[in-house]
Amino acid sequence: MGKDKNYFLNEKPEKMTYGGVFRKINDWARARSLWVVAYGTGCGSIELRPTFTSRFDAERLGMRMVGTPRQADVLIISGYLTVKTLKRVIRVYEQMQSPKYVVALGACPINGGMYYDSYNAINRLDLYLPVDVWITGCMPRPEAILAGFKRLQGLIDSGKADGWKKYIENLDWYRENQRKIIKNWRMPNYNW
Amino acid sequence: MEILDKLKEKFEILQSQEKRKDLALVGTTEKDLIPLLVYLKEYEGYKTLVMISCVDWIEEGKFELVYNLWNPSKKHNILVKTKIDREAPKFQTIYKIWPQAEAYEREIHEMFGVDFEGNPTQHEELILEDWDDIPPMRRDFDTLKYSMEKFGEREPKSGIIIRKQISEQYDEWRRK
Amino acid sequence: MMWAKIFYAFLALLGGIAYGLFLGGVSRKITARMQNRRGPTIWQNFIDLWKLFRKKTAISHGVMFYLAPMFRLVGGAGTFLLVPIVVGNPYLSNFSFGGDLIVLMYFMVLGCLGMALGAAESGHPHAPIGVTRGLSQMAGYELPFVISVVVLMIADKTTSIEGIVRAQQGGILHWHIFTHPFAAAAAFISLLGMMGSYPFQVVLAPQEIAIGPPTEYSSTFLSYMFSGRSVFAVAKYLLFMNLFLGGASNLLWAFVKTFVIFLWPLFITNVFPRFRLEQSVLFFWTWPSLFGLIDLVRIYLVR
Ligand code: SF4
């Protein structure tokens, strides 16, 4: 890294407290303005296009695609994850600003799905990243995805979508799991 | 098929077959393969290399390289095959004939461990980053075992929800 | 009196931001209806702003990185505060003064320049690309805009917005859009470039360079930029209203006229694909500039 050092945190990020006077309003606003980072893995990203365009129109829930992780709230893991992709996903996830949520689509991130015996696809996503909402199916239809987002909104509204807090609290545990499969850790220690 | 007859005159052909109207297949020796490819490209109009693939004949102790060529004017495909030794797999690169072969050879190197002499980029990682076992497309590689060891069990043993199990795992790990 | 003026200008600024956000929501709704879907609520931009404002941020890339959103907000707010909303009304004319048109044209560039410095420090490769594009694009649309403003200045022999508005009194046919149609055409085409509407959308270019200059910006920074952009848009609509549509005699007229001006880039945006950078700059330097020059020459000849 060397030269790029200024662009990352050098120490472990501190625990984020969450609350305050405006908590209710904050949660209400967060639930109704979910910006999704436009990043797709596996088969599922093909279902996100109809979800976000005219046919199923996720924008009426206040959702939007943004092109950069810095501005996004939701990371959609849309299918199987290989080790190579997992590295990128971890970086993207850590670059997002809290509060942030992860939605996993399909059977593959849950238990490996039809790639459970593949030499390169991971079996369980929640060992590596905290997942807030699972949407099953192979692949879930846009209706199911919209229902999943409705559920995510409900969770945020009631303050239960706290994966991002868990991640920072248990960062060492997650790192241990991540480093177990990413042998050659060539990224910054803390990507924030 | 006239092209097959021509080839039989000029090269040592071990096996030849007309699969379909637009697809023929020839097998040749290791030594004759590159002259044959050059002949097909320069004299017969098979200008495009569609792809290279590799087959693992573990019982014979051989790898089989398959070069798929395409003749755009006659709309005809030809598959050129050769078998190489499986123990120390080594072959000549053809990226000087078709530059796009470089990427295919790199992939075969990664997936089967065939060493293409003279290919400048074959040692770079293409798909598998940080691979730590024998090349995964060889048939003696047990993917299920590897997956279980590296990525963990597929399902939790009891019927509880995964999410709950994860928080138990945190607690266990904290107590340590 | 001074304090009262500052107070009213501040109120107007808040109103301007709110109006800008509202217009943003309306544009999202209209776009959605044009694409045959329901779209978000009209208040969506307020929700987005609040969410961004309350998001946490854990990164810093140096001083300029912090200052750039401020520049953006100050550039937008400054432009807004120099444009009178209702000319002649002491409460609604902000800080306009004689000769303000020239100051204003400098102020309009400030936001972009601050943004350029900050984006360059953020270290993301897409940001400098966006910035270069933005500055070149600015060189494109400034030319026709300045020509058409100069036409108005010469015609009315004044450099203040108030003077230009007063020169248009006395019926709809005295509006500059009718008396100087070519200059107005030049200015309204360059408005498309200023608003970054679609044929000239080379700066943010979401399909190519993520989101361009603000790629690294998040949370509160982004909320400042967001509100800066909204109020800047409103300032431009107000400026065009004063320059070409004869100003406004009360708030309702200001609302109606700015809304009409707001619809012009919006409808263009929704039906066009995108130029490349050099095509866009070339376009600005040919047709709109030519229109502006026609009126410039005409003014000299008529005098
Ligand atoms: S769950 Fe099915 S559709 Fe989704 S990534 Fe896995 S195999 Fe593909």
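Before reading on, note that the structure itself is shown above.
All of these numbers come straight from a predicted model, not from anything done at the bench.

Calculation rules
- Residues numbered from 1 in each chain as written.
- Chains lettered and ligands numbered in written order.
- Predicted model: local features only at pLDDT ≥ 70, side-chain atom pairs only at ≥ 80, totals over all residues.
- Heavy atoms only, no water.
- Helix = DSSP H or I, 4+ residues; strand = E, 2+ residues; numbered from the N terminus.
- Rg over C-alpha atoms; globule rule 2.2 N^0.38 Å.
- Buried < 20%, exposed > 50% of the residue type's maximum accessible area, 1.4 Å probe, protein only.
- Contact = heavy atoms within 4.5 Å.
- Areas by Shrake-Rupley, 256 points an atom, 1.4 Å probe, with all protein chains shown as cover.
- Lys, Arg positive; Asp, Glu negative; His and termini not counted.
- Charge placed at Lys NZ, Arg CZ, Asp CG, Glu CD.
- Patch = residues over 30% accessible without salt bridge, like charges linked within 9 Å, V, L, I, M, F, W, Y side chains within 5 Å.
- Salt bridge = Lys/Arg side-chain N within 4 Å of Asp/Glu carboxyl O.

Visitor: Would you explain the overall build of chain B in this entry?
Guide: Per the secondary structure count, chain B includes 5 helices and 7 strands. The C-alpha atoms of chain B give a radius of gyration of 23 Å, which is well past the 16 Å a tight globule of 176 residues would have. Overall, chain B is about 75 × 35 × 30 Å in size when its C-alpha atoms are taken along their principal axes. In chain B, buried positions account for 44% of the 176 residues. A separation threshold of at least 6 residues defines the contact pool for chain B, and within that pool the share at least 24 residues apart is 50%. Accessible area for chain B stands at about 10,000 Å²; split by element, carbon and sulfur atoms hold 50% of it. In chain B, which carries 29 positive and 36 negative side-chain charges, the distance between the mean positions of the two groups comes to 4 Å.

Visitor: For this particular structure, what's the right way to read a nonpolar patch on the surface?
Guide: All names here are of chain C. The grouping of Phe-7, Tyr-8, Phe-10, Leu-11 and Leu-14 at the surface amounts to a nonpolar patch, some 490 Å² of accessible area in total. The topology assignment puts Phe-7 in helix H1 (residues 2-34). For Phe-7, a relative accessible area of 48% corresponds to the partly exposed category.

Visitor: Any chance you could explain the arrangement of the chains here in plain terms?
Guide: Sorting the 2 pairs of chains in contact by contact count puts chains A and C at the top. Separated throughout, chain B and chain C approach each other most closely at a C-alpha pair spaced 24 Å apart.

Visitor: I tried to follow the environment of Phe-95 of chain C on my own but got confused; where do I start?
Guide: Position of Phe-95 of chain C relative to the elements: it lies in the loop between helix H3 (63-82) and helix H4 (100-122). In this structure, the C-alpha to C-alpha distance between Phe-95 of chain C and Leu-81 of chain C, residues 14 residues apart in sequence, is 5.8 Å.

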